[in-house]
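What follows is the residue order along each chain.
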Amino acid sequence: MAESAASLAKPSGQGQRPRHVAIIMDGNGRWAKNRGWPRLVGHRRGAERVKQIVRACPDLGVNWLTVYAFSTENWKRSTEEVLGLMGIFARYIEREADALSAEGVRMRFIGGRERLEPKLQRLMAGIEARTAVNTRLNLTVAINYGGRDELTRASARLAERIARGEVSNPTEADFADCLDTAGHPDPDLVIRTSGETRTSNFLPFQAAYSEYEFTSTLWPDFTPAHLAEILDRYGMRERRFGGA
Ligand code: IPE
Ligand code: IPE
Ligand code: MG
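Residues numbered from 1 in each chain as written. Chains lettered and ligands numbered in written order. Predicted model: local features only at pLDDT ≥ 70, side-chain atom pairs only at ≥ 80, totals over all residues. Heavy atoms only, no water.

1. Topic: the side chain of Ser194
Here's step 1: Tracing the sequence through the fold places Ser194 in the loop between strand E5 (189–192) and strand E6 (211–214).
Here's step 2: There is a polar contact of 2.9 Å between the side chain of Ser194 and the side chain of Arg30.
Here's step 3: Other than its neighbours up to four places away in sequence, Ser194 contacts Asp26, Gly27, Arg30, Thr215, Ser216, Thr217 and Leu218. (Helix = DSSP H or I, 4+ residues; strand = E, 2+ residues; numbered from the N terminus. Polar contact = N/O pair within 3.5 Å; in protein donor to acceptor, adjacent residues only side chain to side chain. Contact = heavy atoms within 4.5 Å.)

Structure (structure tokens):
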């Protein structure tokens, strides 16, 4: 980890950088289990990795980063693990708020909020408001996020807009505007760590034309150097969007 993100960014040469990278941060539990440690130790190490990747993104030419932190399905886990994760999210916001502000990061959240602790909801709203003017990196964290849940809530929002006469013949853009990610560009690249090759309900509408990268690296081992390597590979891909 001696190399700085800036030095990693330079010589790769060809190809363009993805503007928006989305990451399914998977493998914290296995990382801890491999060491005989509790799963929460893996989640804590995973949160440290988020800080490093957030710091590296602007130098790597990435202006939007969306990370999947907790899915609508993750409530199935033990109470201890769920509460532990919620505590990690709250501490991340509290401890990183000054650094995020100073580094020009705009932090936002997607996913249903009503099921989260009121204290966490307040921290989320607070950091969103505090960093709203920042533009260097758009960091979006998916908490209690599920693509099917988001599509269902978006459908209800669109129905309300139609009922109010604000929308008449809905377009894809009208629908996108009802998603939690309204105003976000679509992800160019989705990365999943830990070797699993599924999307697990992450951004089904937004990632319809994204490139995917699956790496066997567990999230707590994923460094800015790994990200830089994946971004280089992305630069060699040809995106056709259905064209010939
Ligand atoms: C990803 O790591 C973090 C969350 C889903 C909250 P996991 O906790 O899923 O780790 P594995 O997949 O069990 O190794
Ligand atoms: C996806 O990982 C959710 C997050 C990374 C937050 P999971 O570990 O929950 O996904 P599955 O259960 O392997 O599909
Ligand atoms: Mg997992």
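2. Notes on helix H6 (residues 147–163)
Here's step 1: In this model, H6 (17 residues) spans 24 Å end to end at C-alpha, consistent with the 24 Å of a helix rising 1.5 Å per residue.
Here's step 2: Of all the positions in H6, only Gly147, Glu150, Ala154 and Leu158 are classed as buried. Across the axial projection of H6, the buried residues extend over an arc of 70°, all falling on one side. Exposed residues on H6 whose side chains face more than 90 degrees from its buried face are Arg148, Thr152 and Ala163.
Here's step 3: Lining the buried residues of H6 we find strand E4 (137–145) and helix H7 (172–176).
Here's step 4: Residue Gly165 follows H6 closely and has a positive phi angle near 80°. (Expected span 1.5 Å × (residues − 1). Buried < 20%, exposed > 50% of the residue type's maximum accessible area, 1.4 Å probe, protein only. Arc of directions from axis to C-beta.)

3. Overview of the sheet that holds strand E2 (residues 64–71)
Here's step 1: If you walk across this open sheet you meet the six strands as E3-E4-E2-E1-E5-E6, and the pairing is parallel. Edge positions in the sheet fall to strand E3 (105–110) and E6, since each of these pairs with one other strand and no more. Here the average twist between neighbouring strands, direction ignored, is 20°.
Here's step 2: The pairing of E2 with E4 spans seven bridges and is classified as parallel. Each residue of the ladder has a partner; that of Tyr68, found in E4, is Ala142. (Pairing = 2+ DSSP bridges. Axes fitted to C-alpha atoms, helices over the stretch in contact; angles between N-to-C directions.)

4. Side note on the UniProt feature "binding site: Mg(2+)" (unreviewed entry) in the chain
Here's step 1: The positions UniProt marks with the feature "binding site: Mg(2+)" (unreviewed entry) are Asp26 and Glu211.
Here's step 2: Within the element layout of this structure, Asp26 appears in the loop between strand E1 (20–24) and helix H2 (28–34).
Here's step 3: Contact partners of Asp26, with chain neighbours within four places excluded, come to Arg192, Thr193, Ser194, Glu196, Leu218 and Trp219.
Here's step 4: A polar contact of 3.4 Å, which involves the side chain of Asp26, links it to the side chain of Arg30.
Here's step 5: Structurally, Glu211 can be placed in strand E6.
Here's step 6: Overall, the relative accessible area of 15% leaves Glu211 in the buried class.
Here's step 7: Not counting residues within four places of it along the chain, the set of residues in contact with Glu211 comprises Asp188, Leu189, Val190, Tyr234, Arg237, Glu238 and Arg239. (UniProt positions renumbered as here; feature names shortened; annotations may be inferred.)

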